[in-house]
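So the chains spell out like this:
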Amino acid sequence: MDAFKELVKSNRSCRRFDNTFALDTQTLTELVELARYTASAANNQPLKYIISCSREQNEKIFSCLTWAAYLKEWKGPEPGEQPTGYIVILGDTTISNNFWCDHGIAAQTMLLGARARGLAGCMFAAINIKKLKTLLGIGDHLEVKLVIALGKPVEQACIDDVDEGGDIRYFRDENQVHHVPKRKLEDLILNAW
Ligand SMILES: Cc1cc2nc3c(=O)[nH]c(=O)nc-3n(C[C@H](O)[C@H](O)[C@H](O)COP(=O)(O)O)c2cc1C
């Protein structure tokens, strides 16, 4: 349990990567395989995936993402710190029109799998969907649900406890450490019978 807790705690959203580290198709395929084993509403398994570790495709995906809305001065990673791989999570409407929270479960599982391999990543919902669908040639029957950016992390992150009513906005300190405020456990559990 302790090892799993540490894995979950170390699995912070990472937005700066070592661009010299090449991700490969096999690693991304292994992460999708983890998603294959996850829960799915009515066991419909309507999610499909596009994986990319090619520079050309990566640049296209990168151009469709909005990074770290709370970091107003930062427009996203410089070329040397951009992700070296992506997993695009799609909902196949020929299977279902309701994806419930399947994509969240899949995304978190893949991110934990990445973290267990010494990698890190960030999930994105702020996506220019029209542009992404055009650039990647994604068919009309597929809904873009989330994009996961991945790579070897160069960003340091930590968790800060935050009181009720406190500021939940993440920030970077003077050493470029990324701080993530998390509400306290006692403020989350409403009843414990
Ligand atoms: C559904 C979802 C969508 C998100 N979309 C974005 C996004 O578009 N851009 C971004 O930079 N981060 C995005 N994030 C990352 C959140 O900002 C991040 O989870 C939050 O700041 C807490 O940090 P942590 O993941 O390290 O706990 C998203 C996270 C979730 C769960």
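Analysis parameters
Residues numbered from 1 in each chain as written. Predicted model: local features only at pLDDT ≥ 70, side-chain atom pairs only at ≥ 80, totals over all residues. Heavy atoms only, no water. Pairing = 2+ DSSP bridges. Helix = DSSP H or I, 4+ residues; strand = E, 2+ residues; numbered from the N terminus. Salt bridge = Lys/Arg side-chain N within 4 Å of Asp/Glu carboxyl O. Buried < 20%, exposed > 50% of the residue type's maximum accessible area, 1.4 Å probe, protein only.

### Considerations on the sheet that holds strand β7 (residues 178–183)
For step 1, the next point in the chain: Strand order in the open sheet made by the three strands is β5-β7-β6, with mixed pairing throughout. Sheet topology places β5 (157–162) and β6 (171–172) at the edges, where each strand pairs with a single neighbour.
For step 2, the next point in the chain: The pairing of β5 with β7 spans six bridges and is parallel. By the bridge assignment, I159 is partnered in β7 with V180.

### Digging into the pattern of salt bridges
For step 1, the next point in the chain: Taken as a whole and assessed by the stated rule, the structure comprises nine salt bridges.
For step 2, the next point in the chain: Notably, a salt bridge pairs D18 with K152, separated by 3.8 Å at the nearest N-O pair. Here the residue D18 occupies a position in the loop between α1 (2–10) and α2 (25–36), and K152 occupies one in the loop between β4 (142–151) and β5, the gap between them amounting to 134 residues.
For step 3, the next point in the chain: Of the charged contacts, one joins K184 and D163 as a salt bridge, the two residues approaching to 2.5 Å between their closest N and O atoms. Within this pair, whereas K184 is found in the loop between β7 and α6 (185–188), its partner D163 is found in the loop between β5 and β6, the two being separated by 21 residues in sequence.

### Digging into unusual backbone geometry
For step 1, the next point in the chain: The backbone of A68 sits at a positive phi, close to 40 degrees, despite the residue not being glycine.
For step 2, the next point in the chain: With respect to the helices and strands, A68 occurs in the loop between α3 (55–62) and β2 (85–92).
For step 3, the next point in the chain: You will see that Q176, though not glycine, has its phi angle at about 65 degrees, which is positive.
For step 4, the next point in the chain: Following the sequence through the fold, Q176 ends up in the loop between β6 and β7.

### Describing the pairing of β2
For step 1, the next point in the chain: Judged by how many residues are buried, β2 sits mostly within the fold: eight of eight residues are covered.
For step 2, the next point in the chain: With six bridges joining them, strand β1 (residues 47–52) and β2 adopt antiparallel strand pairing. What sits directly across from L47, in β2, is G91.
For step 3, the next point in the chain: Pairing geometry for β2 and β4, over eight bridges, is antiparallel. The partner of L90 across the bridge, within β4, is V144.

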